[in-house]
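# Architecture at a glance
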Amino acid sequence: MSTHTLVIGGGVVGTAAAYYLAKAGHEVTIVDQGRHGGACSHANCGYISPSHVPPIPMPGLIGPTMKSMLSSDSPFYIRPRFSPALWSFLLRFWWNCNETQMKHAARGKHALLHSSRRLYETLIETEQLDCNWEKRGLLFVFREKHHFDEFAPINDWLAKEFDLPAVPYTDGGLQKLEPALKDDVHGAWHYENDAHLRPDRLLSSWRTVLERLGVKILEQHKVTAMHGEGNKLRAIQTDQGEIAADRYVLATGSWSPFFNRELGCTLRIQPGKGYSITMARPEICPKIPMLLEESRVGVTPFNDGYRLGSTMEFGGYDASINQKRLGLLKKGAKLYLKEPFTDETYEEWHGWRPMTPDDLPYIDFAPKYGNVIMTAGHGMLGLSMGAATGKLAWELLDKLEPHVDPKPYRLR
């Protein structure tokens, strides 16, 4: 039976949910407080990365790494301020830095990452999405030999537990594979099953498909209230008027905690601001996307551009662009690449990643309303997990057999 589903949030997760619901024959409307695909889904590094199974909270992270987060030069930076929500988040984050929680989070992440990798390939081929899709893998690059060697046990674990082995390259072999790297860069692990795309083009191309399927997209509609009757959400109030539906998907990323009281839950999400610079391709441009591990910088070559991205700044919902953080991207890339950046800049950008204390997203029904499913907290992997999350949201709403086990993503 066809129903009307309202998807709140027009990023990659909301778009995926709308797509699978519309393909199943449902009437679907997307509302976004800004423009469709204009928030954290717009200019990230574009990785579709099954390799990103290890969660951020890892054993041994507490100590020097956490202390460095108070330095404004650190790739991961906490802006000192009074914020009970932030410090509660960090305490829970530190509590998750143990082997038991790490393995639990890794299993949950793997299911969504593995599923999304397959779903994107099918989706892009079936719908002919124009998004610079390339299957060149992802390089985890290390300047120092001891850092390269320290990653070996993690690679062994990924290979054994998740069938995700990487091909190691060192010294001259690495430069033969990727000539854009400097000669003094020691080695890299190549995860060949990873892929990449240009996220803004994915969203614009996917939007065309949604509109062909009859999905309505309402931009510049900020949700100001929710109106329920019993255990059902009846309508949402926006600054453009009231909108009613039969069912709802909350896909609002870092803004999701603002709906905690309305939905009767506690989504422990902090906005982790990431940055990127998109520019013209350098003359010596990398062929393979890469993570420059010691500097925590992502490098993505596109057909018609080149992007440096990453860093993490916990500074609340501050919408300003910190030029010092952008400078860290260039500074980090300079250590590894023969031609790390160009002077022709197309865009300087930031986005708030919805970070959770255990690095797992929430995909579950709202405690207060049985017709609302929440999809939030995908951290740095909203794009990589987006397709599987959208499909899972549709399956749960339609009471179908879920294609991945939803237990790890329940409110906990």
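All figures in this text were calculated on a predicted structure; none of them were measured in a lab. (Residues numbered from 1 in each chain as written. Predicted model: local features only at pLDDT ≥ 70, side-chain atom pairs only at ≥ 80, totals over all residues. Heavy atoms only, no water.)

### Remarks on the side chain of H350
What counts here: Each helix is a run of H or I in the DSSP string that is no shorter than four residues. Each strand is a run of E no shorter than two, and both are numbered from the N terminus. Here's how the labels work: a residue is buried when its accessible area is under 20% of the maximum for its type, exposed when over 50%, partly exposed in between, all with a 1.4 Å probe on protein chains only. Any two residues whose heavy atoms approach within 4.5 Å at even a single point are treated as in contact.
Positionally, H350 belongs in strand 18 (residues 345-355). What makes H350 buried here is its relative accessible area of 17%. For H350, the contacting residues outside a window of four places in its chain are K273, G274, Y275, D318, A319, S320 and I321.

### Looking at the sheet that holds strand 12 (residues 241-244)
Pairing between the strands of a sheet is mediated by backbone hydrogen bonds and can be parallel or antiparallel. For clarity, the threshold we go by: Criterion used throughout: strands pair if DSSP finds at least two bridges between them. Throughout, an axis means a line fitted to C-alpha atoms (over the contacting stretch in the case of helices), and angles, computed between N-to-C directions, take values from 0 to 180 degrees.
As summarised here, the arrangement of the 3 strands in space is 10-11-12, forming an open sheet in which the pairing is antiparallel. At either end of the open sheet lies a strand with only one pairing partner, and these are strand 10 (223-229) and strand 12. Strand-to-strand twist in this sheet, taken as the mean axis angle between neighbours without regard to direction, amounts to 25°. Sheet topology note: the strand 10/strand 11 (residues 232-238) ladder contains 6 bridges and is antiparallel. If you follow H227 over to strand 11, its bridge partner there is A235.

### Quick look at the packing of helix 4 (residues 99-127) against helix 7 (residues 199-212)
Each pair of packed helices can be described by the angle between their axes along with the distance between the axes. So the rule is basically this: By convention the crossing between two helices is left-handed if the near helix lies anticlockwise of the far one by an angle smaller than a right angle, and right-handed if it lies clockwise. We call Asp, Glu, Lys and Arg charged. Ala, Val, Leu, Ile, Met, Phe, Trp, Tyr, Cys and Pro are nonpolar, and the rest, Gly among them, are polar.
Viewed as axis vectors pointing N to C, helix 4 and helix 7 meet at an angle of 60°, and their least axial separation amounts to 12 Å. The way helix 4 lies across helix 7 gives a crossing that is left-handed. Residue-level contacts link Y120, L123 and E127 of helix 4 to L202, W206, V209 and R212 of helix 7. Taken together, the residues of the contact of helix 4 with helix 7 sort by class into 5 nonpolar, no polar and 2 charged.

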